[in-house]
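Each chain, letter by letter, is given below.
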Amino acid sequence: MAIICIRLGAGSKVPQPLFGPHIYAVTEENLPFQASNETALSMGDYRDILNLTRVLIHGPQSKADVDIVIERCAGAGHIRDDILYYNREFEKFIDGGDEERAYLMDMVIKALRRYFFLITFRSYLYCTSPANMEFTAWMDARPELGHLCNNLRIVK
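Notes on the structure in this doc start here. Note that the structure is a prediction, hence the values are computed from the model and not measured. (Residues numbered from 1 in each chain as written. Predicted model: local features only at pLDDT ≥ 70, side-chain atom pairs only at ≥ 80, totals over all residues. Heavy atoms only, no water.)

1. Examining the overall build of the protein
- The helix and strand inventory of the protein stands at eight helices and zero strands.
- N-terminal to C-terminal, the α/β element order of the protein is α-α-α-α-α-α-α-α.
- Evaluated residue by residue, the protein yields a buried proportion of 37% over its 156 residues.
- Considering only contacts in the protein between residues 6 or more positions apart, those separated by 24 or more positions represent 74%. (Helix = DSSP H or I, 4+ residues; strand = E, 2+ residues; numbered from the N terminus. Buried < 20%, exposed > 50% of the residue type's maximum accessible area, 1.4 Å probe, protein only. Contact = heavy atoms within 4.5 Å.)

What follows is the structure, given as structure tokens:
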């Protein structure tokens, strides 16, 4: 659903940010210097996601746009909350069974991967038109993105 929301502006020749005067992008300049770990995680500031934003053209803006869409579509599901929830559940089961821990880790990584692809797809829309190049071809031309995606982990 969020990909559809992000794609709505894809037909325009000049990429339009999803924020206006009343909604601003979350950038390093307007963040408190030392946000708490919990606050950083709730904002989607995971190591691998931050690495992704450094690698992508329009990476920070793409993440900010996706975060706005996630907030606007929160009633249908909230990816960042899902990541936090499964990560907390995983941490509770330190002495739990391996099968349960594997399931929770799998759920964390799946949610993180969805977040990764939403940000990547938004950057794709900033860089090119779907009429010019398919998303899979755009991804294939950037092997570093495949490497990042295949090695996603939750690191605080």
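2. Points about the pattern of salt bridges
- Enumeration according to the criterion identifies seven salt bridges in this entry.
- For Asp65, the salt bridge identified is with Arg122, shortest N-O distance 3.0 Å. In this pair, Asp65 is assigned in helix α4 (residues 59-72) and Arg122 in helix α6 (residues 98-127), connecting sequence segments 57 residues apart.
- Ionic pairing is found between Arg80 and Asp67, a salt bridge with its closest N-O pair at 3.0 Å. Here Arg80 is found in helix α5 (residues 79-92), whereas its partner Asp67 is found in helix α4, with 13 residues between them in sequence.
- With a relative accessible area of 6%, Arg80 lands in the buried category.
- Three or more residues are tied together by salt bridges with common partners; here these are Lys63, Asp67, Glu71 and Arg80. (Salt bridge = Lys/Arg side-chain N within 4 Å of Asp/Glu carboxyl O.)

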